[in-house]
Amino acid sequence: MSTLPLPSVANRWLQRLRRDWALRRLADPSFAFLFDEPPPDEWVSLDCETTGLNVRSDEIVSIGAVRIVGDRLMTSERLELLVRPERGVSAESVRIHRLRERDVAEGLPADEAVRRLLHFIGPRPLVGYFLEFDVAMLNRVVRPLLGQPLPQPKIEVSALYYDHKFRQLPPYQQHDNADIDLRFATLMADLQLPLRDAHDAINDAVMAGLAFIKLRALKSG
């Protein structure tokens, strides 16, 4: 007889059921590794630079990702990719991420870049700031490849920071609309972490990873 508590047994059964269902829907069986058990205490911090903020019409121009193992940011285990957009780069987007038309002209096609990213991530959970946007942009390419969106768990750094600051509020201020500044520069300064040049995919991924590590330490400390 199993000695595991019933909820734990039920959760494992549900996870196995979801995994089997996702594998049956997988368009390309070579990506089955994405549904493996992730390595313990490993994550991937992720950021994308894009031609704009419209998830339906704008495109990815660069991807940055770095692995996290325990409380260490593995900067030697990072991925930096330039992506060639199909519709070019506007002057406004160049002012933001400083990637010109000629800079991305030799970049990878989006589907090849995403294939490399998926192999780099594997089954590890994703970490990021404003991660929902990056995932939505990636899923436009991922869905045709996998037949489904990115399957990895997602961890939003701003949500971790909100919880951290919320716990510090006096009880009379702890309500659903608590006024907490979630801007990235504010977050990094408050956590006493170094700011790199923003709107650079690998820099943003590194900073989000550092914030994640610091917030985990503060929560467990």
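Chemist: What's the story with the overall build of the protein in this structure? I'm lost.
Modeler: Within the protein, the secondary structure is distributed over eight helices and five strands. Listed by position from the N terminus, the elements making up the protein come as α-β-β-β-α-α-α-β-α-β-α-α-α. In terms of C-alpha radius of gyration, the protein reaches 19 Å, essentially the compact-globule figure of 17 Å for 221 residues. Viewed in the frame of its principal axes, the protein has a C-alpha envelope of about 60 × 45 × 35 Å. Taking all 221 residues of the protein together, the buried fraction comes to 43%. Across the protein, every contact between residues at least 6 apart in sequence was considered, and the portion connecting residues at least 24 apart equals 65%. Roughly 12800 Å² of accessible area belongs to the protein as shown, and the carbon and sulfur atoms make up 52% of that amount. Within the protein, the 31 negative side-chain charges are centred at a point lying 4 Å from the centre of the 29 positive side-chain charges.

Chemist: Just to check I follow, could you spell out the sheet that holds strand β2 (residues 60–69) for this structure?
Modeler: Note on sheets: strands pair through backbone hydrogen bonds, and any given pair is parallel or antiparallel. Pairing is mixed across the open sheet formed by five strands, whose spatial order is β3-β2-β1-β4-β5. Each having just a single partner strand, β3 (72–82) and β5 (154–156) make up the two edges of the open sheet. Taking each pair of neighbouring strands and ignoring which way they run, the sheet shows an average axis angle of 25 degrees. Alignment of strand β1 (residues 42–50) against strand β4 (residues 126–128), held across two bridges, turns out to be parallel. Bridge pairing in β4 places Ser45 opposite Val127. Contacts between helix α5 (residues 131–146) and the sheet are confined to β1, β2, β4 and β5, with β1 contributing the most and set at about 75 degrees to the helix.

Reading the values: rules and limits
Residues numbered from 1 in each chain as written. Predicted model: local features only at pLDDT ≥ 70, side-chain atom pairs only at ≥ 80, totals over all residues. Heavy atoms only, no water. Helix = DSSP H or I, 4+ residues; strand = E, 2+ residues; numbered from the N terminus. Rg over C-alpha atoms; globule rule 2.2 N^0.38 Å. Buried < 20%, exposed > 50% of the residue type's maximum accessible area, 1.4 Å probe, protein only. Contact = heavy atoms within 4.5 Å. Areas by Shrake-Rupley, 256 points an atom, 1.4 Å probe, with all protein chains shown as cover. Lys, Arg positive; Asp, Glu negative; His and termini not counted. Charge placed at Lys NZ, Arg CZ, Asp CG, Glu CD. Pairing = 2+ DSSP bridges. Axes fitted to C-alpha atoms, helices over the stretch in contact; angles between N-to-C directions.

Remember that the coordinates give geometry; whether it matters functionally is a separate question.
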